[in-house]
Structures are given as structure tokens and as C-alpha cells.
Amino acid sequence: MHLLPVYYTTTSTKKRKKKNKSKSLLAAEKEHQAFLKRMGVGKSKNKRSVAQPGSASGLGPEGRRFKSFRSDQNHMNIKKVVVIGSGTMGSGIAAHLCNANIPVILLDLKTEISEKAKERILKSRPPLLFEKDKIKNLKVGNITDDFENVSDADWIVEAVVERIDIKHDIYKKIFDKRKKDSIVSSNTSTIPLKVLSEKLKAEDKKDFCITHFFNPVRYMGLLEIVRDKLNDQNKINYLKDFSEEKLGKGVIVCGDTPGFLGNRIGVYAMQVAMTEAVDMDLSIEEADAVFGRPMGIPKTGVFALYDLIGIDLMSDVLKSFQKELPKEDEFQKVVSGLPIIKKLI
């Protein structure tokens, strides 16, 4: 069919198109509002001010605007956070809390280690901080001389290496020192909540959950909060609201299942893509070109993303899946990993 150039379109046709477009937009908006309602997202009855751009609760890195957080809407109030572990994730979480103007203490084995993490935050590209002066919200220290900070913290985040023995030792120290009713969470990506909390007292388990941030913390919108039936649901709800409205996160509350939600799907997809690429004799560049933007995945592609996450970390993640998933699960077919990756480790 022949189409006339735009400049030959009659005025009545333009009006018709504009009217049809308005109807389409209206229908789309109604559908969007219905979706939000089904998801339990709606306009609050309470009037809240909108934070200004440049704060974590204002205009986010993707251009989204978030409502400012009203601590008086809940009996809890997060005024101080301690992050233990100043690696990639720990420093990223600490930096984003700084963006929200929350005072943060970043601890590691030695103060020199957390000092270097602070330097990395300042020099990070893309930047982890909205503005460099946000670093004023961060103090650093070590877990021997500065652990007393845990005693008056409202939220303690554990972000140490994925070794359960080390985590259990840290939890014992935290729960011996923390104040009553503070929230304690782990940033583990795959270790089940039941395993992390197996040595905790019943009254401590209600305040303990998993807060799984994604890297880089400032730019990745997803946050998984993993809880079980022993948790204080009011605290989970509070932490969800705080993370959404103060940190600008899209929060999913998950059950305690292997890999939770994001990694259960994402890691499986990556393993299948890499396995298929090797079987098809594709180059790394070809595989990354396909398993990237064309599929709605970051431009890094699969192999570069694997490298960005850390091939050593991914090895630990796969071991956890191998242990926790049933033998007949489809994931078991690709969980052993590729020889080329093992050789690099």
C-alpha cells in the first residue's frame, strides 16, 4: 500500500490521529494504574513532600522521582547504620546510604582496608555518590577497636565474604552488642536464611533477614528482602518502605528459597547462555553481542557481566545452588560451570 508523505496529510486526518493517540494514551494509563493497584502500589493518603534532585530519595540515576521518607509514620527510625565488610558490595551499600544522608560506619578487619574502600568510593566510575560531599556521612574503622558502634546502630548490614563460619562469628558479636530491636541483615546473594540464622536465639531471629542489594548499588534498582515466618513482619514492612522511599529501591520481599528470586533466574540464564555459546563455538564477543542489549540485558553481555561480578564469587554462588537445589532441577545440568572459567580461577 502506498503511503502519502506526512506533509500531504489532511487536517482532519491529523485530528483523527491525535484523538486516537489520546485514547490510546488514556487506555495505557488506565492499564498502568490497574497494574499498580494489583501490585499494591498506590497514592498515599498522607501528603509527603518530594525530595529535591541530588538526594537518594529525590531524582534517581534513572530519572525516577521518589517520595521523601517520613520516619514519623513508623515507631522505628533508621538514623545510624553500620556496614561490616568494605568490599565491593559493602562499600557500595555504604555509599548509597551516604546519598540518603544516613550516617554510616564502615568496618573491616583493619581500618586501612576500610580507608581504601572510602578512597575507592570517591574515585569510583561510574560514581557511587550523587555528590562528592556526601562522603561526609561516612566514617570508617575496624571490627576490633570500633565495634562499639554496633551498640547504638539502628541497622547493621553484614557484607563479608560468603563463608558461613565467618558470618556466624560476626553474628555472635553483633547480637551480643546490638541494641534491642535493631535490624540486622546479610547481603548474601545465595546462602539460605535458615542457614545464616541457625545459631541465633529465637528472639534474635525475628530481627534478622537478608537484604540482597545488586552491584553497582546506586544504579541497580532491585533489592530483595528475604524473610521467613519467624520474622517480625512490621520490621520487614518498615525496612521495605525505608528502602523504597529513602534509598529509591524497587523492593521484592522473597521467601527463603535457593537463590531467592533474582539469582535463581539470572544466574541460571547466564549459565545456560555461556554453556550454549561454548557448544555453538561462538567467540566471547559474539556471545556478549547476542546475550546483551538485543535481549534487554546490560550491554556487558554474559561473559563480561560474569567477569564484572567476579568469577571467584560466581563459583561460590554455583556451589551453593548445587548444594541446595534438588538433583532433578534443570539448574543442575549447568551448575558445574565451564572448564575455561575454572581454569581462570
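For the structure, check the block above.
The residue count restarts for each chain, going from 1 along the sequence in the order it is written. Predicted model: local features are reported for residues with pLDDT of at least 70 only, side-chain atom pairs are reported and counted for 80 or more only, and whole-chain, interface and lining totals are derived from all residues. To obtain the side-chain values, all non-hydrogen atoms of the structure were used and water was disregarded.

**Student:** How would you summarise the environment of Glu-285 if you had to cite specific residues and measurements?
**Tutor:** Runs of E in the DSSP output that reach at least two residues are strands. Runs of H or I that reach at least four are helices, and both are numbered from the N terminus. Assignment of secondary structure puts Glu-285 in helix α9 (residues 284-290). With a relative accessible area of 60%, Glu-285 lands in the exposed category. Taking C-alpha positions, Glu-285 is 9.1 Å from Ala-304, a pair spaced 19 residues apart along the chain. Buried, partly exposed and exposed residues are distinguished by accessible area as a fraction of the type maximum, computed with a 1.4 Å probe on protein chains only: under 20%, between the cut-offs, and over 50%, respectively.

**Student:** Just give me the short version of helix α4 (residues 164-177), but keep the residues and values in it.
**Tutor:** Expected span, for any helix, means 1.5 Å times one less than how many residues it has. Between its first and last C-alpha, α4 extends 20 Å over 14 residues, near the 20 Å set by a 1.5 Å rise per residue. Where α4 is concerned, the buried positions are Lys-167, His-168, Ile-170, Tyr-171, Ile-174 and Phe-175. All buried residues of α4 fall inside an arc of 165° around its axis, so they share one side. α4 presents Asp-169, Lys-172 and Asp-176 as exposed residues on the side facing more than 90 degrees away from its buried surface. Here, residues are in contact when the closest pair of their heavy atoms is within 4.5 Å. Looking at the packing, one finds that the buried side of α4 touches β1 (81-84), β4 (155-158), β5 (183-186), α5 (193-196), α6 (202-205) and β6 (208-213). It is the directions from the helix axis to the C-beta atoms that the arc portrays.

**Student:** Now, about the side chain of Asp-288: what can you tell me, with residues and values included?
**Tutor:** Within the secondary structure, Asp-288 sits in helix α9. His is not counted here, nor are the chain ends, while Lys and Arg score as positive and Asp and Glu score as negative. Salt bridges are identified by distance alone: a Lys or Arg side-chain nitrogen within 4 Å of an Asp or Glu carboxyl oxygen. Of the side chains with opposite charge, Arg-293 comes closest to the buried, unpaired Asp-288, at an N-O distance of 13 Å. Two N or O atoms form a polar contact when they lie within 3.5 Å of each other; inside protein one atom must be a possible hydrogen donor and the other a possible acceptor, and for residues adjacent in sequence the pair counts only when both atoms belong to side chains. Side-chain polar atoms of Asp-288 contact the backbone nitrogen of Ala-304, separated by 3.4 Å. Setting aside residues no more than four positions away along its own chain, Asp-288 makes contact with Thr-300, Gly-301, Val-302, Phe-303 and Ala-304.

**Student:** Before we move on, could you go through the packing of helix α10 (residues 301-309) against helix α11 (residues 311-324) and cite the residues and values that matter?
**Tutor:** Relative orientation of the contacting elements α10 and α11 amounts to 90°, with a least axis distance of 6 Å. Taken together, the axes of α10 and α11 lie roughly perpendicular to each other. For the pair α10 and α11, the contacting residues are Tyr-306, Asp-307 and Ile-309 in the first and Ile-311, Leu-313, Met-314 and Leu-318 in the second. For the contact of α10 with α11, the residue count by class is 6 nonpolar, no polar and 1 charged. Throughout, an axis means a line fitted to C-alpha atoms (over the contacting stretch in the case of helices), and angles, computed between N-to-C directions, take values from 0 to 180 degrees. Comment on the angle field: the value is read as roughly parallel under 35 degrees, roughly antiparallel over 145, roughly perpendicular from 65 to 115, and oblique elsewhere. Residues are grouped as follows: Ala, Val, Leu, Ile, Met, Phe, Trp, Tyr, Cys and Pro are nonpolar; Asp, Glu, Lys and Arg are charged; all remaining types, including Gly, are polar.

**Student:** Explain the sheet that holds strand β8 (residues 250-254) to me, and be specific about the residues and the numbers.
**Tutor:** Taken in spatial order, the 8 strands make up an open sheet running β3-β2-β1-β4-β5-β6-β7-β8, and their pairing is mixed. In this open sheet, the two strands that pair with only one neighbour each are β3 (138-142) and β8. On average, each strand axis in the sheet is inclined to that of its neighbour by 25°, with strand direction left out of account. With 4 bridges joining them, β1 and β4 adopt parallel strand pairing. Residue pairing across strands places Val-81 opposite Trp-155, the latter belonging to β4. Across the sheet, helix α2 (residues 88-99) lies against β1, β2 (104-108), β3, β4 and β6, angled at about 170° from β2, the strand it touches most. The sheet strands contacting helix α3 (residues 111-123) are β2 and β3, and the helix crosses β3 at an angle near 155°. We call two strands paired when DSSP finds no fewer than two bridges between them.

None of this, on its own, says anything about what the molecule does.
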